[in-house]
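Single-letter residue listing:
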Amino acid sequence: FTVTLLKCSTMMRLNYQFSNLCGCAYRDGNILFTADGTSLLSPVGNRVTVFDLANHTSQTLRFQQRHNIKCLALSPNNKLLVSIDSEGHAVILNFRKQIVLATMKFKSRNITAMQFSPDSQYLAVAHDNWITVWKSPSLIVEWKPMLLHAKYRGHYADVTCLAWSDDSQFLVSGSKDMTAKIHALHKRKPFKSQTLSGHQGAVIAAFFGTDSKLYTLTKSGYVYQWIAGAKRELHERYKAKYPLLMYASYTANGKYYLYVKGKPDSVINCATFFKSAMCDLLVIGQCNGVFALYKMPNFALLHSLSISTRTITTCAMNSGGDWIAFASHDLGQLLVWEWRSETFILKQQGHFYDVNSIAYSSDGQLIATGGHDGKLKIWNAKNGFCFITFHDHSAPITKVAFARKNNVIVVSASLDGTVRVYDLVRYVNFRT
C-alpha cells in the first residue's frame, strides 16, 4: 500500500534512483524524535521515513531491511541509527550520511526493546527474558562493530521495556512476569540487583524521574511510583564514592489507577516520559485511542484528547517537551500534537488496504492514489505529504487520472458503479 518515487538522472533516462515513499506514514515498531526535537523517525515496512517537522518535508532513508522493522534506536548525539527487523536482522547506520556501517543477526527474533545510553556509549537490547548491553560502534566500517559488554538475566518472562538513568550507569527493565529490575552497567560492590514486585499486570513501561524517583506502568492501568533510599550508615559510608543508586534500594511510594470501560485488562498500551528541572511529564496512550498527559510526581492531569478510533501503538515526546507523536498500527496513522497550543503539527494516514491505481499530474507536482478502501488521496510529490483525502466512493477505486490540460481536476472510477470528478481548488466532488 505504498508508492515508491524514483528520480531519473538527466545524463541517462534509465538511471533511476530512490527518492521517497508515499502511501503510508507508519506500519509497525516504535517512533523516535531526533535530539533537536524537530524531526521524527517512523518505520514504514522495511524502511524508515524521516519527517522534518520544521520544514514540513519528508525523506525516506535509502537503506532497507529484509523484513518489516520492529525496533529503532537513535543515539542521543544523532550519529548512529540501529534498526532491527522482525527476524532479528540488525542494520547499523551512520544517520547523518545515510551509510550502512554494518549488519548483524541476533540469535533471537523476539527483540522487544532497544535504547542507547544517554552518553551514547552503550546500547541495551532486550530479547526474550535476556538483556544484552553492547558498546556503541564507531563511525568507521569495522570487522566486528559491536562488542558485548554484559548480559543480564533474572526475569521469568519476556522483557517489555528498558530505560537508562541520566548518568548512564544504571538500567531498569520491565517484564511480563509483573516485575521490574534495576541493573548496574558495571557489576561491582556495593551494588545489588533489586527486583520491584507487587505489580498488578505485565509491566510495559519504566522511567527514571528526577531525584532518583522511578515510575513503572502496567498494561492493566496501574502507575507505580518508587523512591530510592538507604540506611544512614550506608549513606555516610558511600555518598562520597558512589552515586545513590549504587547502594540505595527502592520502596513503593504511591499507586494510581486508570480505567477504560469494557477493557479492564488492557488499558495502557504505550507511554513516554519527559524529564526536566521544572517538572516531569508522563504521556500515556490508551487502548481506546485516548492519550493523557500527567504532571509527576503528583499525577495531575494536564491534558487529554481522543486522537484515534483504534489503539495507540507507540508514542514519543521531543526534547523540548512540547510535541507528542503518536502512531497507530491498525489505521497506519501518524500524528504530532503540540499540547500547549492544542494544534496538530503533523497528521498523516495512509491507505487502509492496497493501492489500486496511481496517477501523476502533468507538471509532476501532485500524485493521486486510489485505494481498495475506497479513498482517493492527493500527495505532494516534493515533500511526500498527503494534503487531502476524499471518502465519497463506497467501494474500491479501480482507476484515477488527472485532466490533461488542468492539474486541478481529478477523475476516479470505482466498483460502486460511479465515476467522480474532483476540484482540487475547492476540494469538492462537483460531478458524478
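The structure contained in this document is the topic of the report that follows.

So, how was this worked out
Residues numbered from 1 in each chain as written. Predicted model: local features only at pLDDT ≥ 70, side-chain atom pairs only at ≥ 80, totals over all residues. Heavy atoms only, no water. Helix = DSSP H or I, 4+ residues; strand = E, 2+ residues; numbered from the N terminus. Buried < 20%, exposed > 50% of the residue type's maximum accessible area, 1.4 Å probe, protein only. Lys, Arg positive; Asp, Glu negative; His and termini not counted. Salt bridge = Lys/Arg side-chain N within 4 Å of Asp/Glu carboxyl O. Polar contact = N/O pair within 3.5 Å; in protein donor to acceptor, adjacent residues only side chain to side chain. Contact = heavy atoms within 4.5 Å. 1 Å grid on protein atoms, 1.4 Å probe; cavity = no way out; pocket = protein on both sides within 12 Å on 5 of 7 lines; lining within 4 Å. Points joined across faces, edges and corners; volume = space filled by probe spheres on them. Nonpolar A, V, L, I, M, F, W, Y, C, P; charged D, E, K, R; others polar. Core = buried A, V, L, I, M, F, W, Y, C linked by side-chain atoms within 4.5 Å. Pairing = 2+ DSSP bridges. Axes fitted to C-alpha atoms, helices over the stretch in contact; angles between N-to-C directions. Phe/Tyr/Trp six-rings, centres within 6.5 Å; stacked < 30°, edge-to-face > 60°. Lys NZ or Arg CZ within 6 Å of the ring centre and 35° of its normal.

1. A word on the side chain of Asp177
- Here Asp177 shows up in the loop between strand S16 (170–175) and strand S17 (180–184).
- Within the buried set, Asp177 has no salt-bridge partner at all; the shortest N-O distance to an opposite charge, 6.6 Å, is to Lys181.
- Among the polar contacts listed, one links the side chain of Asp177 to the backbone nitrogen of Tyr156, at a separation of 2.9 Å.
- In this view, Asp177 contacts His155, Tyr156 and Ala157; residues no more than four positions away in its chain are not counted.

2. Observations concerning empty space enclosed by the protein
- The tally for this structure, following the rule as stated, stands at 4 cavities of 30 Å³ or more.
- Here the largest cavity is characterised by a volume of approximately 50 Å³.
- Elements with a minimum of two residues in the lining of the largest cavity: strand S2 (16–22) and strand S5 (47–52).
- The residue makeup of the lining of the largest cavity, split by class, is 6 nonpolar, 5 polar and no charged.
- Considering only enclosed or pocket space, the second largest cavity measures out at about 40 Å³ in volume.
- Lining the second largest cavity, in full, are Ile182, Phe191, Lys192, Gln194, Leu245, Ala248, Ser249 and Tyr250.
- Of the residues assigned to the lining of the second largest cavity, the class counts are 5 nonpolar, 2 polar and 1 charged.

3. Quick notes on unusual backbone geometry
- Omega for the peptide link from Lys189 to Pro190 comes to 10°, which places this bond in the cis form.
- Structurally, Pro190 is set in the loop between S17 and strand S18 (194–196).
- Look at the link from Met296 to Pro297: it is a cis peptide, with omega at 10°.
- By the secondary structure assignment, Pro297 is in the loop between strand S25 (290–296) and strand S26 (300–306).
- At Gln98, a position not held by glycine, the phi torsion is positive, near 55°.

4. Points about the nonpolar core
- Ranked by internal contacts, the top residues of the largest apolar core, which has 21 residues, are Val172, Ile182, Leu196, Leu214 and Tyr250.
- At the level of elements, strand S15 (159–164), S16, S17, strand S19 (203–208) and strand S21 (222–229) are the ones that each hand at least two residues to this core.
- Setting aside its immediate chain neighbours within four residues, Tyr250 contacts Ile182, Gln194, Leu196, Phe208, Ser212, Lys213, Leu214, Trp226, Ile227, Ala228 and Leu245.
- Counting 19 residues, the second-largest nonpolar core is a separate cluster that includes Tyr215, Val223, Leu258 and Leu282.

5. Here we look at the sheet that holds strand S35 (residues 397–402)
- Taken in spatial order, the 4 strands make up an open sheet running S35-S36-S37-S38, and their pairing is antiparallel. Two strands lie at the open edges of the sheet, namely S35 and strand S38 (428–431), each paired on one side alone. Sheet twist, expressed as the average angle between the axes of neighbouring strands with direction ignored, equals 30°.
- Examined bridge by bridge, strand S36 (residues 409–414) and strand S37 (residues 419–423) share 5 bridges and lie antiparallel to one another. Its bridge partner being in S37, Val411 is matched across the sheet by Val421.

6. Description of the packing of aromatic side chains
- Overall, the coordinates contain 16 aromatic pairs when judged by the stated rule.
- Aromatic side chains Tyr222 and Tyr257 sit 4.6 Å apart centroid to centroid with 40° between the ring planes, which places their arrangement in the tilted category. Taken together, the residues Tyr222 in strand S21 and Tyr257 in strand S22 (residues 249–257) connect sequence positions 35 residues apart.
- In this structure Tyr222 comes out as buried when scored by relative accessible area, which is 16%.
- Of the residues examined, Tyr257 reaches a relative accessible area of 40% and is grouped as partly exposed.
- In textbook terms, an aromatic cluster arises when at least three aromatic residues are bridged by ring pairs, as seen for Tyr222, Tyr224, Trp226 and Tyr257.
- The ring of Trp130 has Lys151 sitting right over it, with the charged end atom 5.5 Å from the ring centre.

Nothing here speaks to function; it is geometry throughout.
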